[in-house]
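Each chain is listed here by its residues.
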Amino acid sequence: MRCSSTTPPGVLDRRPELEKVLERLRPGDTLVVWRLDRLGRSLRHLIDTVTALDERGVGFCSLRESIDTTTAGVRLVFHLFGALAQFEREIIRDRTVAGLAAARARGRNGGRPSKLSPDQVRAARRLYDEREHTVEQIGSMFGVSRTSIYRALRDTPGQAKPAGTGGAAGRRRSTSTSAPKAAS
């Protein structure tokens, strides 16, 4: 019998201690955890891991939830719960998508509010089109970053498009008049 300890699961997919434990397991062994969340990041991950253990002939036991997959009945119940949880996740996702669509239809868009008012965006557009200031200088005038200025310029109609948005190449264009090089 071997004992391993891990920190609570976080957002990282890689968990070296769990990987070491899973590698050491042999057919006939039983992996024992004190809670289900110690093994899987999500229900899908948990089910996949337990299924992979089962295919290798390794049992699984969770002390807190009293789950022991070494018996056929518990294995069946475990997979039924997994299917129900997956169904519930899909229903929640569908409701969320429908709710967002309904909100958009009512004119409400999600996301963080713009840092620039419509008047400020028009002024920034005018300054950008005059080509007397850099985007960084325009951002400083309004107390926002270059990225905020580029986003505002991209999302509003105007004459010149900011660099990288499919329009003009930006403020610093080459004015070279040299002839193109001949192909060698």
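Note that the structure is a prediction, hence the values are computed from the model and not measured.

(A) View of the environment of Leu 18. In this structure, Leu 18 sits in helix α1 (residues 16-24). Here the alpha-carbon distance between Leu 18 and Arg 38, two residues 20 residues apart in the chain, equals 9.0 Å.

(B) Main features of the pairing of strand β2 (residues 59-62). Burial of β2 is two-sided: the residues Gly 59 and Cys 61 facing one way and the residues Phe 60 and Ser 62 facing the other way are all buried. Inspection of the sheet shows strand β1 (residues 30-33) paired to β2 by four bridges, in the parallel sense. The partner of Leu 31 across the bridge, within β2, is Phe 60. Handedness of the β1-helix α2 (residues 43-55)-β2 crossover: right-handed. Across two bridges, β2 lies against strand β3 (residues 67-68) in antiparallel orientation. If you follow Cys 61 over to β3, its bridge partner there is Asp 68. Between β2 and the antiparallel strand that follows it, β3, lie four residues; Ser 66 among them carries a positive phi value of about 55°.

(C) Quick peek at the packing of aromatic side chains. In this structure the tally under the stated criterion is zero aromatic pairs. The lysine or arginine in question, Arg 131, covers the ring of Tyr 128, its NZ or CZ lying 5.6 Å from the ring centre.

(D) Just the packing of helix α4 (residues 118-130) against helix α6 (residues 146-155), in detail. Orientation of α4 relative to α6, taken along the N-to-C sense of each, is 95°, at an axis distance of 10 Å. Relative to α6, α4 is oriented roughly perpendicular. Contacts between α4 and α6 involve Val 121, Ala 124, Arg 125 and Tyr 128 from the former and Ile 149, Ala 152 and Leu 153 from the latter. When the residues that make up the contact of α4 with α6 are grouped by side-chain class, the tally is six nonpolar, no polar and one charged.

(E) View of the environment of Tyr 150. Tracing the chain through its elements places Tyr 150 in helix α6. Separated by 22 residues in sequence, Tyr 150 and Tyr 128 have C-alpha atoms that sit 9.9 Å apart.

(F) Structural context of helix α5 (residues 135-142). Taken residue by residue, α5 has Val 135, Ile 138 and Gly 139 as its buried positions. In a view along the axis of α5, the buried residues occupy a sector of 100°, so they form one face of it. What points out from α5, more than 90 degrees from its buried face, is the exposed set Glu 136 and Ser 140. Along its buried surface, α5 packs onto α4 and α6. Count one or two residues on from α5 and you reach Gly 143, which has phi positive near 70°.

(G) View of the pattern of salt bridges. Overall, the coordinates contain five salt bridges when judged by the stated rule. Where Arg 93 meets Asp 94, a salt bridge forms, and the shortest distance between an N and an O atom there is 3.0 Å. A relative accessible area of 52% means that Arg 93 is categorised as exposed. Under the relative-accessibility criterion, Asp 94 is labelled partly exposed at 45%. Residues Asp 129 and Arg 125 are paired through a salt bridge, measuring 3.6 Å at the closest nitrogen-oxygen approach. Taken as a pair, Asp 129 and Arg 125 lie in helix α4 at a separation of four residues, close to a single helical turn. For Arg 125, a relative accessible area of 7% gives the class buried.

The rules we used
Residues numbered from 1 in each chain as written. Predicted model: local features only at pLDDT ≥ 70, side-chain atom pairs only at ≥ 80, totals over all residues. Heavy atoms only, no water. Helix = DSSP H or I, 4+ residues; strand = E, 2+ residues; numbered from the N terminus. Buried < 20%, exposed > 50% of the residue type's maximum accessible area, 1.4 Å probe, protein only. Pairing = 2+ DSSP bridges. Right-handed = clockwise from strand over helix to strand, strands pointing away. Phe/Tyr/Trp six-rings, centres within 6.5 Å; stacked < 30°, edge-to-face > 60°. Lys NZ or Arg CZ within 6 Å of the ring centre and 35° of its normal. Axes fitted to C-alpha atoms, helices over the stretch in contact; angles between N-to-C directions. Parallel < 35°, antiparallel > 145°, perpendicular 65-115°, else oblique. Contact = heavy atoms within 4.5 Å. Nonpolar A, V, L, I, M, F, W, Y, C, P; charged D, E, K, R; others polar. Arc of directions from axis to C-beta. Salt bridge = Lys/Arg side-chain N within 4 Å of Asp/Glu carboxyl O.

Bear in mind that shape data such as this cannot, by itself, settle questions of function.
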